There are 2 protein chains.
Amino acid sequence: MKELTLIGIGTGNPDHLTRAGEAAIREAELILIPRKGSEKSDLADLRRTICASVLGPEADDRVLAFDLPVRDASGDYRQGVDSWHDAIALAWSKALETRAASRVALLVWGDPSLYDSSLRIAGRLSPMPKIAVVPGITALQALTAAHAIPLNAINALVVITTGRRLRDDGWPEAASTVAVMLDGECSFTHLDPKGLDIWWGAFLGMENQILLKGPLASMTDQIVRTRQDARARHGWIMDTYLLKRRD
Amino acid sequence: MKELTLIGIGTGNPDHLTRAGEAAIREAELILIPRKGSEKSDLADLRRTICASVLGPEADDRVLAFDLPVRDASGDYRQGVDSWHDAIALAWSKALETRAASRVALLVWGDPSLYDSSLRIAGRLSPMPKIAVVPGITALQALTAAHAIPLNAINALVVITTGRRLRDDGWPEAASTVAVMLDGECSFTHLDPKGLDIWWGAFLGMENQILLKGPLASMTDQIVRTRQDARARHGWIMDTYLLKRRD
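The rules behind the values
Residues numbered from 1 in each chain as written. Chains lettered and ligands numbered in written order. Predicted model: local features only at pLDDT ≥ 70, side-chain atom pairs only at ≥ 80, totals over all residues. Heavy atoms only, no water. Contact = heavy atoms within 4.5 Å. Buried area = accessible area lost by both parts, 1.4 Å probe. Salt bridge = Lys/Arg side-chain N within 4 Å of Asp/Glu carboxyl O. Polar contact = N/O pair within 3.5 Å; in protein donor to acceptor, adjacent residues only side chain to side chain. Helix = DSSP H or I, 4+ residues; strand = E, 2+ residues; numbered from the N terminus. Nonpolar A, V, L, I, M, F, W, Y, C, P; charged D, E, K, R; others polar. Pairing = 2+ DSSP bridges. Axes fitted to C-alpha atoms, helices over the stretch in contact; angles between N-to-C directions. Domains from an automatic or database assignment. 1 Å grid on protein atoms, 1.4 Å probe; cavity = no way out; pocket = protein on both sides within 12 Å on 5 of 7 lines; lining within 4 Å. Points joined across faces, edges and corners; volume = space filled by probe spheres on them. Buried < 20%, exposed > 50% of the residue type's maximum accessible area, 1.4 Å probe, protein only. Least-squares fit on C-alpha atoms with pLDDT ≥ 70 in both.

Turning to the interface of chain A and chain B, a few remarks are in order. Counting from both sides, the interface comprises 45 residues of chain A and, opposite them, 45 residues of chain B. Interface area, chain A with chain B, both sides summed: about 4200 Å², of which 57% is carbon and sulfur. Its largest share of buried area at the contact with chain B, chain A owes to A:Arg19, A:Ile154 and A:Asn155, together 20% of the area lost on that side. The interface formed by chain A and chain B contains 2 salt bridges. As a salt-bridge pair, A:Glu22 and B:Arg19 come within 2.6 Å of each other at their nearest N and O atoms. Counting across the interface, chain A meets chain B through 33 residue pairs in polar contact (both at pLDDT 80 or more). At the level of secondary structure, the elements contributing two or more residues to the side of chain A that touches chain B comprise α1 (19–27), α2 (41–55), α4 (77–97), α5 (118–122), α6 (139–147), β6 (158–162) and α7 (163–169) of chain A. A per-element tally of the side of chain A that touches chain B places β6(A) first, with 5 residues. Split into classes, the residues belonging to the side of chain A that touches chain B amount to 24 nonpolar, 13 polar and 8 charged. Direction of pairing for β6(A) relative to strand β6 (residues 158–162) of chain B: antiparallel, over a ladder of 3 bridges.

So, about the sheet that holds β6(B). A sheet is described by the order of its strands in space; here 10 strands give the open sequence β9(A)-β8(A)-β10(A)-β7(A)-β6(A)-β6(B)-β7(B)-β10(B)-β8(B)-β9(B), paired in mixed fashion. The open sheet has two free edges, formed respectively by β9 (210–215) of chain A together with β9 (210–215) of chain B, since each of these has just one partner strand. Strand-to-strand twist of the sheet, defined as the mean angle between neighbouring strand axes without regard to direction, takes the value 15°. The pairing of β6(B) with strand β7 (residues 177–181) of chain B spans 5 bridges and is classified as parallel. Within β7(B), the position partnered with B:Val158 by the bridge is B:Thr177.

All right, on to the domain arrangement of chain A then. All names here are of chain A. In terms of domain boundaries, chain A breaks down into domain 1 (3–137) and domain 2 (140–245). Its C-alpha centre places domain 1 at a distance of 26 Å from the equivalent point of domain 2. At the junction of the two partners, domain 1 supplies 14 residues and domain 2 supplies 16 residues. Summed over both sides, the interface between domain 1 and domain 2 buries roughly 1200 Å², with carbon and sulfur atoms accounting for 68% of that surface. Taken together, the connections running from domain 1 to domain 2 amount to 0 salt bridges. Counting across the domain 1 and domain 2 interface gives 3 residue pairs in polar contact (both at pLDDT 80 or more). With 3 residues, α2 is the largest single contributor of residues to the side of domain 1 that touches domain 2. For the side of domain 1 that touches domain 2, the residue count by class is 6 nonpolar, 6 polar and 2 charged.

Below, the discussion takes up empty space enclosed by the protein. A complete count under the given rule lists 1 cavity of 30 Å³ or more for this structure. In this model, the largest cavity occupies a volume close to 200 Å³. When contributions to the lining of the largest cavity are tallied by element, the ones reaching two or more residues are α6 of chain A together with α6 (139–147) of chain B. Along the lines of polarity and charge, the residues of the lining of the largest cavity split into 8 nonpolar, 8 polar and 1 charged.

Moving on, we come to the pairing of strand β8 (residues 196–202) of chain B. The side chains of a regular strand alternate between both faces of the sheet. All names here are of chain B. For β8, the buried fraction is high: 7 of the 7 residues fall into the buried class. Burial along β8 is two-sided: Leu 196, Ile 198, Trp 200 and Ala 202 and Asp 197, Trp 199 and Gly 201, pointing in opposite directions, are all buried. Of the pairings in the sheet, the one linking β8 to strand β10 (residues 239–245) comprises 7 bridges and is antiparallel in character. In the sheet register, Leu 196 faces β10, and the bridge partner there is Arg 245.

For the pair chain A and chain B, the superposition axis carries a translation of 0.0 Å, the fit reaches an RMSD of 0.0 Å, and the rotation angle comes to 180°. Here the copies are linked by what is in effect a two-fold axis. For chain A, the minimum C-alpha distance to the rotation axis belongs to A:Thr18 and amounts to 1.9 Å. Comparing contact sets, 100% of the residues at the interface of chain A also lie at the interface in chain B, consistent with an isologous, same-surface contact.

Residues and elements named next belong to chain A. Taking strand neighbours across the sheet as the criterion, the 5 strands line up as β3-β2-β4-β1-β5 in an open arrangement whose pairing is parallel. Of all the strands in the sheet, the pair left with one neighbour each is β3 (63–67) and β5 (130–134). On average, each strand axis in the sheet is inclined to that of its neighbour by 25°, with strand direction left out of account. Two elements, strand β1 (residues 3–8) and β5, share 5 bridges in a ladder whose sense is parallel. Its bridge partner lying in β5, Leu 4 is registered against Ile 131.

Below is the structure:
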């Protein structure tokens with residue numbers, strides 16, 4: 001039985017890597033780097049750089065990048081995600097078959113537990129490998145660290161949600177703090193901004209990190225514009241944000 | 001002006017430390033280890049061990065442990081926390097004054113942004129130092145990694161809350177997943193267990209890690225008993241859990 005270790009590598013800053021992540025990279029005979037069609041080569045290269053920083057020149061022999069299928073965005077969202085995960089599992093299986101390695105690692109942005117599908121996809125592999133997870137720094141942690149703010153208010157709950165849910169369902173009842181991930185469409189523009197503050201960040205932990213914060217009412221346009229410009233300049237963007245309701 | 005770096009060191013496994021955390025420990029002239037009265041010496045020693053693993057014998061000169069005041073648990077909770085934070089800020093100030101160091105680091109369990117008061121306390125220091133934050137692996141991430149499960153369901157929101165809120169407010173509306181922290185009283189016993197599954201973990205990432213999971217209805221007694229026994233055996237316990245509503 002193969003062993004598959006999902007390694008959370010943080011948000012693009014090689015210094016987000018933990019000692020456990022370094023050890024897991026060293027121990028793997030084969031390191032898979034799934035490459036999304038939408039990703040620009042600098043993002044794919046970054047993971048090779050992280051491997052090389054642990055393994056040195058040996059990284060070239062052990063790292064295997066492979067292309068992920070593209071999600072069909074038409075039709076039902078859940079069904080589209082479902083078929084996409086099947087297709088990804090197939091792509092993983094093919095990549096796993098190319099080498100006679102029994103200890104395999106897969107590098108995951110952020111943490112494999114938070115809005116990442118690797119665990120669900122691993123569950124579709126046949127034969128099923130033995131799965132281990134190495135936690136990594138998430139975009140939310142990189143965001144709060146960069147702004148030097150706490151995520152939660154004292155004894156208060158925190159809601160983590162997606163851009164899609166925020167747009168469809170509005171502000172979650174009873175929440176004073178809402179953290180939003182996977183938002184390609186600035187869903188905060190659909191909220192009544194009254195009484196809300198936003199802390200936004202893109203390319204968190206990386207050299208080109210951008211941070212903006214302030215009352216949502218006065219920051220909305222600036223964040224939308226900054227995001228558009230940065231995305232056009234880099235060809236891609238990874239961003240996340242935190243909203244807090246003022247007391 | 002002094003620089004104060006809050007370093008998230010994870011949940012007790014030295015391998016949770018990130019490269020950024022290692023660098024911040026190396027760069028600090030003085031490393032503060034706040035010691036809670038309730039903590040047993042093995043927990044205080046663990047942080048010295050982490051420093052020593054980065055600095056070698058030099059750690060002895062740079063590390064300064066100091067006692068934190070104890071929170072007054074009688075009276076209003078928020079007011080009690082408020083006075084406690086004032087008292088802690090005073091203890092920090094005294095510790096900061098003992099050495100002529102300008103670059104100071106403070107080691108924080110988990111991540112300084114999540115149910116930790118260091119950022120709020122740092123804001124009370126006078127003169128106010130320049131604050132930097134190094135994110136660390138939280139107990140929630142150590143929990144999901146150990147169980148090899150995702151935190152969120154696909155496109156679903158996640159609520160992170162405290163034991164106190166879960167006990168007082170019950171299950172948060174609209175949540176399919178609830179992560180609970182700071183729960184010294186097994187507040188899940190106050191919920192109707194029907195349709196709920198629990199993933200529980202104590203001493204996460206450490207040698208004596210304990211994991212339990214299953215339907216809440218059948219796991220409640222076992223978790224309460226296991227927690228009591230482990231706490232009696234070690235003199236302290238750090239635990240956290242995740243609840244999911246079955247579809």
